[in-house]
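Fold and contact review
Single-letter residue listing:
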Amino acid sequence: MSVQEVLPLNGLASEQSGPFRADHLLVAEMVKPGSKVLDVGCGDGDLLQLLETRGIDGRGIELSREGVNRCVAKGLAVVQGDADTDLINYPDDAFDYVILSQTLQATRQPKVVLENLLRIGRRAIVSFPNFGFWRMRLQLLVGGHMPRTENLPASWYDTANIHFCTIKDFVELCDEIHVKMERAEALDLYGRPLRLRLPWWVWNLFGEQGVFLLSRGQGK
Amino acid sequence: MGSVKSILSPAISADERSHEVDHPSSPVAHFGADQPLRLDCGIDLTPFQIAYKTYGELNADRSNAVLICHALTGDQHVANVHPVTGKPGWWETLVGPGRPLDPSRYFIICSNVIGGCMGSTGPASINPATGKVWGLDFPVITIPDMVRAQAMLIDRLGIDTLFAVVGGSMGGMQVLQWTAAYPKRVYSALAIACSTRHSAQNIAFHELGRQAVMADPDWHNGGYADHGIHPHRGLAVARMAAHITYLSDAALHRKFGRRMQDRELPTFSFDADFQVESYLRYQGSSFVERFDANSYLYLTRAMDYFDIAGDHGGVLAKAFAGIETRFCVVSFTSDWLFPTSESRALVHALNASSARVSFAEIETDRGHDAFLLDVPEFFDISRAFLQSAGKARGLTNKDD
């Protein structure tokens with residue numbers, strides 16, 4: 001599997017942009033202004049707020065009651081729900097984009113969730129921590145214990161994350177379910193995109209997280 | 001037991017209550033023969049009247065009107081001293097200066113529903129055809145009938161689009177009916193602790209209450225007004241049963257536990273030994289002071305009949321297809337009368353309709369009644385929802 005098309009960054013994600021997280025800025029850049037977006041696992045609604053500043057009609061689903069209440073208190077349209085069980089209730093083509101930001105690894109059925117994303121939305125944007133990142137590999141190889149990083153600080157026994165994958169694994173999953181990759185990015189430890197056109201194994205080793213813009217493939 | 005009867009006796013006479021039925025102390029909109037109210041049962045109700053209260057001022061472009069829909073036993077006195085009981089308004093926690101619904105910002109309207117007994121035409125009103133109290137001759141009304149009457153009042157007030165329709169429980173049902181019937185006239189909707197259809201369990205509880213009223217020998221087949229009496233014992237029992245459903249086991253336990261009232265040892269009688277018994281008896285007796293027994297029958301029936309999906313071929317999403325209203329749905333964790341699952345079904349339907357919807361479940365042990373109580377998280381969400389809708393609507397305020 002190779003990426004069909006890797007578009008250059010427009011610079012937004014690399015700018016210093018105040019309170020917004022670099023990966024959120026990158027995701028926001030992938031969304032056309034004026035679109036309708038569903039953010040699955042929207043947390044405190046930071047990404048939705050960023051999208052709102054760009055004239056994007058955003059909705060959210062969040063599992064935690066505290067997160068939902070904070071979102072609604074910010075005036076965002078967010079409902080309490082579970083990505084694994086609630087996406088089935090959304091009709092086909094309800095959104096232009098469905099975003100799954102740092103949530104894939106916490107779902108029980110990542111493959112089903114991914115298929116649902118591309119049923120509900122014409123496009124999907126998925127970001128996840130890359131378990132192939134060199135520090136992860138090093139912690140397991142040298143330390144001999146399950147890796148912990150700044151973005152994934154929980155110990156193995158109390159983490160909500162149950163399905164870790166590497167960038168390489170994810171690309172293979174997309175291939176398997178005939179999802180078209182319109183754009184792929186890897187972010188480094190500081191959330192900055194890796195700028196160089198590097199082979200996949202480099203991304204898989206040096207990308208701390210992957211961000212993918214997906215659309216429905218032709219084959220299925 | 002004599003003591004039971006004395007506890008459930010009303011302190012306010014039927015005369016005092018009946019005065020508010022036809023000549024309320026709040027403004028009244030009269031609708032004559034040229035403007036009948038088309039009821040779902042097929043009857044045109046005419047003439048009829050709607051009693052209402054307003055708070056705040058309508059702005060120049062008439063864009064800041066908020067309609068509050070009251071619950072089963074509420075009325076139009078949402079944020080002022082009640083003319084019968086002398087108690088504060090029933091939703092002063094939400095409505096008032098500095099509250100989420102601030103009269104300095106919004107023009108707030110609350111009307112007594114059709115079928116009520118605080119100035120809107122209902123079974124306790126005088127039937128103009130006979131000159132006597134309607135009683136059971138009053139036609140059976142529905143939630144859509146209530147909303148149709150409210151819409152006529154809103155027309156009368158010269159308002160095209162309501163900035164928000166807000167309500168809990170039966171009020172929430174009216175909110176949903178407003179959005180389904182008049183989607184273009186509702187900019188935002190705050191539906192609290194409610195459902196799109198009354199469940200079998202809730203209908204069962206209502207039937208219990210109605211049978212308690214009807215079992216009272218003073219009820220006289222609904223004609224008690226002719227006998228100059230009120231079936232207060234039956235109504236009090238109905239209220240006691242209903243009140244239990246408004247609370248939760250945890251809240252009752254926290255409030256009363258098994259504590260005794262003014263005594264150390266049980267009396268080995270059917271006196272109110274336990275605090276929870278005294279509390280329920282008080283709730284029952286204070287309710288009959290301000291409420292009409294037949295009104296209770298009609299309004300519970302209206303809730304029983306409510307089923308938005310049923311009105312749309314069984315598909316709830318059809319009721320909201322293409323709707324542009326901004327929704328906020330709120331439920332409470334310990335509400336077993338309108339549990340979160342019912343709100344979730346509504347939210348799923350709204351999502352399927354591509355509606356802009358927020359949904360929050362508030363953690364509290366206070367049961368269904370939580371929407372009337374001081375629950376800060378609920379107020380934060382209500383405030384934020386209304387403010388963000390206000391921003392989108394172009395309602396600006398110096399505090400924003």
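A brief structural summary. (Residues numbered from 1 in each chain as written. Chains lettered and ligands numbered in written order. Predicted model: local features only at pLDDT ≥ 70, side-chain atom pairs only at ≥ 80, totals over all residues. Heavy atoms only, no water.)

1. Remarks on the overall build of chain A
When you go through chain A residue by residue, the secondary structure sums to 8 helices and 7 strands. Buried positions account for 54% of the 220 residues belonging to chain A. Once local pairs closer than 6 in sequence are excluded, the contacts in chain A between residues at least 24 apart make up 67%. (Helix = DSSP H or I, 4+ residues; strand = E, 2+ residues; numbered from the N terminus. Buried < 20%, exposed > 50% of the residue type's maximum accessible area, 1.4 Å probe, protein only. Contact = heavy atoms within 4.5 Å.)

2. Considering the packing of aromatic side chains
Scanning all chains against the criterion turns up 23 aromatic pairs over all chains. Judged by centre distance (4.7 Å) and plane angle (45°), the ring pair of Phe 128 of chain A and Phe 170 of chain A falls under tilted. Of this pair, Phe 128 of chain A sits in strand E5 (residues 121–129) while Phe 170 of chain A sits in helix H7 (residues 167–176), placing them 42 residues apart in sequence. Of the two residues, Phe 128 of chain A and Phe 170 of chain A, both sit in the buried class. Of the aromatic side chains, those joined through ring pairs into one cluster are Phe 128, Phe 170 and Phe 212 of chain A. The side chain of Arg 156 of chain B reaches across the aromatic face of Phe 31 of chain B, ending 4.2 Å from its centre. Over the face of the ring belonging to Tyr 305 of chain B we find Arg 301 of chain B, whose NZ or CZ atom lies 4.9 Å from the ring centre. (Phe/Tyr/Trp six-rings, centres within 6.5 Å; stacked < 30°, edge-to-face > 60°. Lys NZ or Arg CZ within 6 Å of the ring centre and 35° of its normal.)

3. Focus on the packing of helix H5 (residues 200–215) of chain B against helix H9 (residues 293–305) of chain B
All names here are of chain B. Between H5 and H9, the least distance of the axes is 10 Å, while the angle of their chain directions is 160°. Our classification of the angle between H5 and H9 gives roughly antiparallel. Relative to H9, H5 is oriented so that their crossing is left-handed. Packed against H5, whose contacting residues are Asn 202, Ile 203, His 206, Arg 210, Val 213 and Met 214, the element H9 presents Ala 293, Leu 297, Thr 300, Arg 301, Met 303 and Asp 304 at the interface. The residue makeup of the contact of H5 with H9, split by class, is 6 nonpolar, 3 polar and 3 charged. (Axes fitted to C-alpha atoms, helices over the stretch in contact; angles between N-to-C directions. Parallel < 35°, antiparallel > 145°, perpendicular 65-115°, else oblique. Left-handed = near helix turned anticlockwise from the far one by under 90°. Nonpolar A, V, L, I, M, F, W, Y, C, P; charged D, E, K, R; others polar.)

4. Structural notes on the nonpolar core
Counting 115 residues, the largest nonpolar core has Leu 117, Phe 170 and Leu 214 of chain A together with Trp 178 and Phe 320 of chain B as the members making the most contacts within it. It is helix H3 (residues 143–156) of chain B that contributes the most residues to this core, 8 residues altogether. Beyond its immediate chain neighbours, meaning those up to four positions away, Phe 170 of chain A contacts Leu 104, Leu 114, Val 126, Phe 128, Cys 165, Met 181, Phe 212 and Leu 214 of chain A. Listed in part, the 57 residues of the second largest apolar core include Val 78 and Leu 213 of chain A together with Ile 381 and Ala 389 of chain B. (Core = buried A, V, L, I, M, F, W, Y, C linked by side-chain atoms within 4.5 Å.)

5. Quick notes on the packing of H3 of chain B against helix H4 (residues 170–181) of chain B
Residue and element names in this part refer to chain B. Relative orientation of the contacting elements H3 and H4 amounts to 70°, with a least axis distance of 9 Å. By the angle class used here, H3 and H4 are roughly perpendicular. Between H3 and H4 the crossing geometry is right-handed. Counting all contacts with H3, which are made through Ile 143, Pro 144, Met 146, Val 147, Gln 150, Ala 151 and Ile 154, the residues of H4 involved are Met 170, Met 173, Gln 174, Gln 177 and Trp 178.

6. Examining the sheet that holds strand E1 (residues 28–31) of chain B
Residues and elements named next belong to chain B. The strand order E1-E4-E6-E5-E9-E10-E11-E12 describes an open sheet built from 8 strands, whose pairing is mixed. Strands at the two margins of the open sheet, each flanked by one partner only, are E1 and strand E12 (356–362). The mean angle between the axes of side-by-side strands here comes to 20°, regardless of whether they run parallel or antiparallel. Pairing between strand E10 (residues 186–192) and strand E11 (residues 326–332): 5 bridges, direction parallel. Bridge pairing in E11 links Ile 192 to Val 330. (Pairing = 2+ DSSP bridges.)

7. A closer look at helix H1 (residues 22–30) of chain A
Among the 9 residues that make up H1 of chain A, 8 are buried, leaving the element largely enclosed by the rest of the structure. If you check which residues of H1 of chain A are buried, you get Asp 23, His 24, Leu 25, Leu 26, Val 27, Ala 28, Glu 29 and Met 30 of chain A.

8. Regarding the pattern of salt bridges
Pairing between side chains becomes possible if they bear opposite charge and their charged atoms approach one another. Counted under the stated rule, the structure contains 29 salt bridges over all chains. Notably, a salt bridge pairs Arg 197 of chain B with Glu 342 of chain B, separated by 3.6 Å at the nearest N-O pair. Linking Arg 197 of chain B in the loop between E10 and H5 with Glu 342 of chain B in helix H11 (residues 340–352), this pair joins segments that are 145 residues apart in sequence. A relative accessible area of 14% places Glu 342 of chain B in the buried class. The closest approach of N and O atoms between Glu 207 of chain B and Arg 210 of chain B, which form a salt bridge, is 3.4 Å. Separated by 3 residues within a single helix, Glu 207 of chain B and Arg 210 of chain B lie in helix H5, roughly one turn from each other. Members of the salt-bridge network, linked through shared partners, are Asp 93, Asp 96, Arg 122 and Arg 216 of chain A. (Salt bridge = Lys/Arg side-chain N within 4 Å of Asp/Glu carboxyl O.)

9. A short note on the environment of Gly 45 of chain A
Residues and elements named next belong to chain A. By secondary structure assignment, the location of Gly 45 is in the loop between strand E1 (36–40) and helix H2 (46–53). Using a relative accessible area of 0% as the deciding quantity, one classes Gly 45 as buried. The sequence separation of Gly 45 and Gly 75 amounts to 30 residues, and the corresponding C-alpha distance is 9.8 Å. Excluding anything up to four places from it in sequence, Gly 45 contacts Cys 71 and Leu 76.

10. Looking at the pairing of strand E4 (residues 95–101) of chain A
All names here are of chain A. The buried fraction of E4 amounts to 6 of the 7 residues, a majority that puts the element mostly inside the structure. Of the pairings in the sheet, the one linking E1 to E4 comprises 4 bridges and is parallel in character. Within the sheet, the bridge partner assigned to Asp 39 lies in E4 and is Ile 99. In this structure, E4 lies alongside E5, joined through 6 bridges in parallel fashion. Paired with Tyr 97 across the strands is Arg 123, a residue of E5. For the crossover that starts at E4, traverses helix H5 (residues 110–120) and ends in the parallel E5, the hand is right-handed. (Right-handed = clockwise from strand over helix to strand, strands pointing away.)

11. Quick look at empty space enclosed by the protein
Overall, the coordinates contain 5 cavities of 30 Å³ or more when judged by the stated rule. What lines the largest cavity is simply Val 72, Gly 75, Leu 76 and Ala 77 of chain A together with Arg 326, Phe 327, Arg 356, Ser 358, Phe 385 and Ser 388 of chain B. A class-by-class count of the residues in the lining of the largest cavity yields 5 nonpolar, 3 polar and 2 charged. (1 Å grid on protein atoms, 1.4 Å probe; cavity = no way out; pocket = protein on both sides within 12 Å on 5 of 7 lines; lining within 4 Å. Points joined across faces, edges and corners; volume = space filled by probe spheres on them.)

12. Some details on helix H12 (residues 376–393) of chain B
A rise of 1.5 Å per residue sets the reference length of H12 of chain B, with its 18 residues, at 26 Å; its end C-alpha atoms lie 25 Å apart and thus fit the reference within 8%. Along its buried surface, H12 of chain B packs onto helix H3 (65–73) of chain A together with strand E9 (162–168), E10, E11 and E12 of chain B. Positive phi appears at Gly 394 of chain B, one or two residues downstream of H12 of chain B, with a value of about 85°. (Expected span 1.5 Å × (residues − 1).)

13. Section: the pairing of E11 of chain B
Residue and element names in this part refer to chain B. For E11, the tally of buried residues reaches 7 of 7 residues, placing the bulk of the element in the interior. Neither face of E11 is exposed, since Arg 326, Cys 328, Val 330 and Phe 332 on one face and Phe 327, Val 329 and Ser 331 on the opposite face are all buried. Where E11 lies against E12, 7 bridges are found, and the strand directions are parallel. Bridging from a neighbouring strand, Ser 331 pairs with Glu 361 of E12.

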